[in-house]
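One letter stands for each residue in the lines below.
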Amino acid sequence: MQLREDIRNIAIIAHVDHGKTTLVDQLLKYSGTFRENEQVDERAMDTGDIEKERGITILAKNTAINYKDTTINILDTPGHADFGGEVERIMKMVDGVALVVDAYEGTMPQTRFVLMKALEQKLTPIVVLNKIDRPNARPSEVIDEVLDLFIELGADDEQLEFPVVYASALNGTSSEEPDQQEETMDPVFKTILDHIPAPVDTTDEPLQLQVTLLDYNDYVGRIGVGRIVRGSIRVGQQVTVMKKDGTQKSFRISKLFGFTGLKRIEIQEAKSGDIVAVSGLEDLNVGETICPQDHPDALPILRIDEPTLQMT
Ligand code: GDP
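Residues numbered from 1 in each chain as written. Predicted model: local features only at pLDDT ≥ 70, side-chain atom pairs only at ≥ 80, totals over all residues. Heavy atoms only, no water.

The name given to the protein in an unreviewed UniProt entry is Large ribosomal subunit assembly factor BipA, and the organism recorded there is Virgibacillus natechei. For the protein, the Subunit (unreviewed entry) comment in UniProt is given as "Monomer." Check the Sequence similarities (unreviewed entry) section of the UniProt entry for the protein; it says "Belongs to the TRAFAC class translation factor GTPase superfamily. Classic translation factor GTPase family. BipA subfamily." (UniProt positions renumbered as here; feature names shortened; annotations may be inferred.)

S.K.: Can you walk me through the packing of aromatic side chains in this structure?
M.R.: The description of two aromatic rings rests on the distance between their centres and on the angle between their planes. All told, the structure shown has 3 aromatic pairs when counted by the stated rule. Three or more aromatic residues joined by ring pairs make a cluster, and in this case those are Tyr30, Tyr67 and Phe189. Positioned above the aromatic ring of Phe257 is the side chain of Arg264, whose terminal nitrogen or guanidinium carbon lies 5.6 Å from the ring centre. (Phe/Tyr/Trp six-rings, centres within 6.5 Å; stacked < 30°, edge-to-face > 60°. Lys NZ or Arg CZ within 6 Å of the ring centre and 35° of its normal.)

S.K.: Can you walk me through the UniProt feature "binding site: GTP" (unreviewed entry) in the protein in this structure?
M.R.: Feature annotation in UniProt assigns "binding site: GTP" (unreviewed entry) to the following positions: Asp17, His18, Gly19, Lys20, Thr21, Thr22, Asn130, Lys131, Ile132 and Asp133. For Lys20, the position within the fold is in helix α1 (residues 20-31). Mapped onto the secondary structure, Thr22 falls in helix α1. Residue Thr22 is classed as partly exposed on the basis of its relative accessible area of 26%. (Helix = DSSP H or I, 4+ residues; strand = E, 2+ residues; numbered from the N terminus. Buried < 20%, exposed > 50% of the residue type's maximum accessible area, 1.4 Å probe, protein only.)

Written out as structure tokens, the structure reads:
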């Protein structure tokens, strides 16, 4: 079995305010994914208007971070149970999750909710015990709470082996030991690379790309975002989309986008394991599968239980 060792796809999950956004900002800065003259002037995952209004993270975003020879796609996941369908769909695009827990506050209702979803999907977890700098942080107690929660939620034996990395996203420090913080994000990256499975390389098989999120842009119109589950895709390719009502519709991929940092960039081709955005069909919906014309093969329908939110 070939693996795409150059990629990791993970979702970042947490109770609100436990530090997801700060952590992703810090990983971006540390990795140098930004050029020197480019600033993190937009917080990595906290830019939507609705989020600002409600003060919670509800819009899904992908942040692609280059570390050594690997691209780590970090998908933000809403913590709120109202977005259960979206959480499930995002988790279909990844092989593992980084569960961020406040080292003082411990596990909270949204920690439980998002972890339950991740364990159900059989994803590989790592735990980031954040805010280790807080004077009243209680790392060993909180790790026990986390372990109890894993057991209670029915984690399997492999999931129970989760590695822990201790961090202060605020100060840019991390370590595999609670009391030996170093000014580096390397331990977080290393834990991701060592523990989260690389996607299986099925580039030579017929294309399957399931649209998981939708976006819209004035220049290119509707954009479907998803992971290439199988095969490869390129700009200009004639493809078929398997509609939910069982019909098929042909279209040409007019543009293909990959991700770098917080930005979407135009690319010419992509292959199994990549998370991409495609345009070319106005009538594209969440859950539909894009396939080659001579290999119409739909993936199982996804759960959608809320208005589709935009990915910006
Ligand atoms: P999110 O809701 O999970 O995205 O949380 P944020 O990243 O927005 O962080 C919520 C608050 O916690 C902000 O005020 C951050 O500055 C603060 N915070 C994040 N990480 C740390 C940390 O490592 N230590 C401390 N003391 N505060 C942190």
